[in-house]
Amino acid sequence: MRKWIVLAISALLAVGLLTACSPGKTAEETSSSKVKVAVTFDAMREFVQAVGKDKVEIVNMIPDGTEPHGFEPTIKTLKQLGTARLFVYNGLGMEPWVEKAVQTAGNKNLIVVEASKGIKPIPLTDTEEIQEHGQYDPHSWLSLENAQIEVKNIAEALAKADPDNADFYQANATEYTAQLQQVEEEYARKFQALPNKQFVTGHAAFAYLCRDMGLQQNSIESVFADGEPSTQQLVRLTEYCRQHHVKTIFVEDMVSPKTSQTLADEVGASVKQIHTMEASEGGASYLDRMKENLDEIYSSLQ
Ligand SMILES: [Zn+2]
């Protein structure tokens, strides 16, 4: 609680100082007529970009390369919320700080978009995780099926924020959704034909993708990337890899790359990159990264 009061006062002071220094409009206000959209992390940026194209100005709130599960809002976060028209976050416990931050920022014009609204959530099973993070697995954006729902929610909110361009947003959303759907159908068919379904990755981020594609994930770190596994967990994972003849261990930019390598060496598997879209991961688009993931998983299961 105290943290929030301190943040709120600091943010107010900072905004007050800005106004005092520059009479009239700030540079930010006059710079463009684009809709200013604050997003929490990279997948949200990708969806907003696909729908809003050149009519939106996107601000990333969680600095790129920061592990978003452990992110704590700062004065900067509150200022970003204070000046945005739209705020897009994933929800399902991915950004547990959101409600408090929106309240503290006190921006009356802000349209708040929970992108995952309407998605069928996957419940968590670990009691400790439920206590700390809520009921559900947050990684909904890693499913092409869910991505279509998130895009729809974002398009509706953009149309509300900028009604003059509602048709533009709708058309972009329709076109992008068709692309998502096409990739989903193509790979669902491919995976269905494979007898092998198990893959091993850095943290348990792919439950929704697994649901779409009929796959099973196992991981070095938990759903929330809470840290390196215990020796016992590693032994179990090693046995799992041997039993299921796992040929590839997937690594993520921000999660236990060394442990992944050690495990791969131990079971004679190779190491391949996988994208969680929690950061920009080199800057390829959501669809390109998704296709790369699916191709890599597919060839690891052949
Ligand atoms: Zn994650």
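Residues numbered from 1 in each chain as written. Predicted model: local features only at pLDDT ≥ 70, side-chain atom pairs only at ≥ 80, totals over all residues. Heavy atoms only, no water.

(A) Main features of the pattern of salt bridges. Tallied over the entire structure, the rule returns eight salt bridges. One salt bridge in this structure joins Arg289 and Asp42, with 2.6 Å as the shortest N-O distance. Highlighted residues: Arg289 in helix α12 (residues 286-301) and Asp42 in helix α3 (residues 42-52), separated in sequence by 247 residues. You'll find Arg289 and Asp42 in the same group, each marked buried. Residue Glu46 is joined to Arg289 by a salt bridge in which the shortest nitrogen-to-oxygen separation is 3.7 Å. Separated by 243 residues along the polypeptide, Glu46 in helix α3 and Arg289 in helix α12 bring together distant segments of the chain. (Salt bridge = Lys/Arg side-chain N within 4 Å of Asp/Glu carboxyl O. Helix = DSSP H or I, 4+ residues; strand = E, 2+ residues; numbered from the N terminus. Buried < 20%, exposed > 50% of the residue type's maximum accessible area, 1.4 Å probe, protein only.)

(B) Examining the nonpolar core more closely. Core analysis: the largest hydrophobic core is formed by 67 residues, its most contacted members being Val88 and Phe191. Looking at which domains feed residues into this core, each of domain 1 (26-181) and domain 2 (184-301) supplies at least three. Those residues in contact with Val88 that sit more than four places away from it in its chain are Val37, Ala38, Val39, Thr40, Met44, Val48, Val113, Ala115 and Ile154. Ile220, Leu237, Cys241 and Ala269 belong to the second-largest nonpolar core, a separate cluster that totals 11 residues. (Core = buried A, V, L, I, M, F, W, Y, C linked by side-chain atoms within 4.5 Å. Domains from an automatic or database assignment. Contact = heavy atoms within 4.5 Å.)

(C) Representation of the coordination of the zinc ion in the model. Looking at the zinc ion, the protein donor atoms are His69 (NE2), His139 (NE2), His203 (NE2) and Glu278 (OE), and they sit 1.9 to 2.1 Å from it. Coordination geometry of the zinc ion: the four donor atoms subtend angles of 102 to 117 degrees at the metal centre, consistent with an arrangement described as tetrahedral. Positions of the donor residues of the zinc ion along the chain correspond to the pattern H-x69-H-x63-H-x74-E. With His69 in the loop between β2 (56-60) and α4 (75-83) and His139 in the loop between α6 (127-133) and α7 (144-161), this pair connects stretches of sequence that are 70 residues apart. We note that His69, like His139, is buried. (Donors = N, O, S within 2.8 Å, 3.2 Å for Na, K, Ca; no water. Tetrahedral: all angles 85-135°; square planar, octahedral: opposite > 155°, others 65-115°.)

(D) View of the UniProt feature "coiled-coil region" (unreviewed entry) in the chain. Mapped onto the present numbering, the UniProt feature "coiled-coil region" (unreviewed entry) falls on residues 166-193. In residues 166-193, helix accounts for 96% and strand for 0%; the two terminal C-alpha atoms are 41 Å from one another. (UniProt positions renumbered as here; feature names shortened; annotations may be inferred.)

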